[in-house]
Amino acid sequence: MLSIRNIVKQYAGHTALNDVSLEVKSGQIFGLLGPNGAGKTSLIRIITQITAPDSGEIFFNGQKLDQSHIERMGYLPEERGLYKKMEIGEQMIYLARLKGLSRDEATKRLKVWFAKLGMESWWKMKIEELSKGMQQKAQFVATVLHEPDLIILDEPFSGFDPVNAEIIKNEILELNRKGATILFSTHQMESVEELCHAIVLLNKSKKILEGPIKDIKGAYRNNIYLVEYEGQQVGINSAAPFEVLTETAGDDNLHTIKVQLKAGSTSNDLLQYLVPKTRINMLHEVIPSMNEIFIEQVSKIA
Amino acid sequence: MNKIFLIIQREYITRVRKKAFIVMTLLVPALFAGMFAVIALVANQKDETMHAVYVIDNNGSFKDKFKDEPFVKFTYPGGSVDAAKKNLKSDDDLVLNIPANLKDTVQLFAKKKTTLSLADNLQGKMNEIVTGASMVKAGIDTASLRKIRSNIVVKSTEITSTGEQGTNIGATYALSFAGAVLIYMSLFIYGAQVMRGVIEEKTNRIIEVIVSSVKPFQLMMGKIIGVGLVGLTQFILWITLSAGVSYLVGGHTSPTNSALHSFLHNLGANAGYELLCFIFYWITGFLFYSALFAAVGSAVDSETETQQFMFPITLPLLFTYILSVSYLFTVPDSPLSVWLSMIPLSAPVAMMMRIPYNVPGWQLAISMSLMVIGFIFTTYIAARIYRVGILMYGKKASYKELAKWFFYKE
């Protein structure tokens, strides 16, 4: 769908993107992650052709990116904004027409969307009369009204209350099911784990991590397990197939230990060692969250 | 191209729908009509009440010398001033008390405040009588003097290729001066609208949405053309409404109101030519300046920051405007005047001022071509600054910064 190859973008004084390449497959929800100033917005602006790269190439469905692809993209910028004094219906139609829809078609689709999101009564209202959350909702509709193949969302959930964030999330998933490829940047790692198929992590204008979420998380598994048992504290000797990292004693004789398996051992070995000694309440593998991976990766470089 | 049209349409419609636009459009012809009404009223307001003036001539040289006018009759009752004052019958009657020594004050008594013109009239008459008497005393024949004294009225006639043509210089000058002032003001008014529009889009952050759909250049040109059309619409409405109003007012005034008629009539003679020049210089001047205004708007985050850039842009125009009456009108063919009407920065105002003086065709041609080249040039520069500026936030733009933006690849 979108193939970004060796993009370099320099602004006076600093490099915003340093040799960044990535592949977004058709039908994916792709997360663009990175701390502030990593170059996410610069990359998005290059994809949306607001700016051009100093070097490197972008291919859209195998074709070199050009003006004709603009109508097949929808872009929701991080800093939301609409014309304050314009009526919302008219404004949405204007934005859709700039993306190549006819007035009639835009009106028809807009009515469907407004009905779907409970916005019918807003049609004649001016943007400045709407609350911030309502403006966001309107802008989301404006982004997707022309049914783009590629939807680019910069921090789509910021500014939404939990209820509306959920509505928007479901809309994103539905658009994705209908075939749209979605590229979004965010700081909210929960939404990344929930939505994204694959991610790329940028830091200091370089790509430092990429791949499907499952693979990345798999790569960060390091055989750490959390065990909770009941009863007397168990003495653990060197014959155990694991090493104890931390040990905490809770109420009611509950003990929690965080252990790392020795090389070659499995969780079954761990159980076999502990079962004769105590009663196990819970055992689960500690898989690092995207949040932890993010922080680890970013602070490693810094 | 289709998208530029959409942008023009939006810019135009949102502005034309604004209350301020409608109010302005109606207000100006209303003021125009008001002005005509006042002129007509003043011109028609002749004092048509009957005044009886009782002359108490203590000097002795005025008896029977005042000539009656249709609405002013003189009588010489004799007796004292007080008696005459008591005998005043109507509010419009007056007593003129002429002292023995003419160096003392002449007094005019009435029950009502006398109008200034009546007092002026009497004063003029008295001076005439005294001068006449003195002349007679000095042996000058006043009758032949009156014959000698000519009554010159200058009627200027312009010699043109189509023959001699009566012109009212005042009307032509007034029109070109009005044109120059209108260009001067509207370049700022509409230029500032373009600038404000750019700043609005920037601070609203809608700019990013728009430029992900259209090229920055399209947006900039769409805005400039849209605002320009708003300006043209306003002018056309003003001209047609004012013309309609003045026609109506003109039609209702009595034929005695000939000054107004001849003014309007004379306007007609040169108006077509001046109007064409006005429209040309307005359009090119607007394109020239509003491109610069758009670039300024893109470089700042709020209107308050525009000052440092606005000043050098507005200076040449302000300079020309200040010179317009004192210099351009008095020496329209001096080298400075010619140069000012060539340089695109000042030409829209300077050339409008020179138009009534029959500017040579080649000068007009050069000036007009330079205007066209000028606006293409400023648009090119502005577009390069604009495309970078609109996406820059929180950076205080300096001239150095602007130069850097200009050379950015894309």
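Computed from a prediction, not measured in an experiment: that's the story for all the values here.

Student: What's the story with the interface of chain B and chain A in this structure? I'm lost.
Tutor: Interfaces are often sized by the amount of accessible area the parts lose when they come together. Opposite the 18 residues of chain B that make contact, chain A presents 21 residues. Of all elements in the fold, only α1 (2–16) and α7 (207–211) of chain B reach the threshold of two or more residues within the side of chain B that touches chain A. For the side of chain B that touches chain A, a count of residues per class yields seven nonpolar, four polar and seven charged.

Student: For this particular structure, what's the right way to read the domain arrangement of chain B?
Tutor: Domain boundaries assigned for chain B yield domain 1 (2–41 + 168–407) and domain 2 (51–148). For domain 1 of chain B versus domain 2 of chain B, the separation of C-alpha centres amounts to 57 Å.

Student: I tried to follow the nonpolar core on my own but got confused; where do I start?
Tutor: Across soluble globular proteins, you tend to see nonpolar side chains buried next to one another. The biggest cluster of nonpolar side chains holds 128 residues, and the ones touching the most others in it are Met92(A), Ala294(B) and Met352(B). Considering every element that reaches this core, the biggest residue donor is helix α9 (residues 258–299) of chain B, with 15 residues. One finds Phe74(B), Val95(B), Leu96(B) and Met126(B) within the second-largest nonpolar core, a separate group that totals 15 residues.

Student: Any chance you could explain the domain arrangement of chain A here in plain terms?
Tutor: Structurally, chain A comprises domain 1 (2–215) and domain 2 (222–286). Centre-to-centre separation of domain 1 of chain A and domain 2 of chain A, based on C-alpha positions: 46 Å.

Student: Just to check I follow, could you spell out the sheet that holds strand β2 (residues 72–75) of chain B for this structure?
Tutor: Residues and elements named next belong to chain B. Spatially, four strands are ordered β2-β1-β3-β4 in an open sheet, and the strand pairing comes out mixed. In this open sheet, the two strands that pair with only one neighbour each are β2 and β4 (107–110). Each adjacent strand pair in this sheet contributes to an overall mean axis angle of 25°, direction not counted. By the bridge criterion, five bridges tie strand β1 (residues 51–57) to strand β3 (residues 94–98) in an arrangement that is parallel. Looking at the pairing, isoleucine 56 lines up with asparagine 97 of β3.

Student: Where do I start with the environment of Ser205(A) in this structure?
Tutor: Residue and element names in this part refer to chain A. With respect to the helices, strands and loops of the structure, serine 205 is situated in the loop between β9 (198–203) and β10 (206–212). Exposure remark for serine 205: the 21 C-beta atoms within 10 Å place this residue in the buried category. A sequence separation of 158 residues divides serine 205 from isoleucine 47, and the C-alpha atoms of the two residues are 15 Å apart.

The rules behind these values
Residues numbered from 1 in each chain as written. Chains lettered and ligands numbered in written order. Predicted model: local features only at pLDDT ≥ 70, side-chain atom pairs only at ≥ 80, totals over all residues. Contact = placed C-beta atoms within 7 Å. Helix = DSSP H or I, 4+ residues; strand = E, 2+ residues; numbered from the N terminus. Nonpolar A, V, L, I, M, F, W, Y, C, P; charged D, E, K, R; others polar. Domains from an automatic or database assignment. Core = buried A, V, L, I, M, F, W, Y, C linked by C-beta atoms within 7 Å. Buried ≥ 20, exposed ≤ 12 C-beta atoms within 10 Å, placed from the backbone. Pairing = 2+ DSSP bridges. Axes fitted to C-alpha atoms, helices over the stretch in contact; angles between N-to-C directions.

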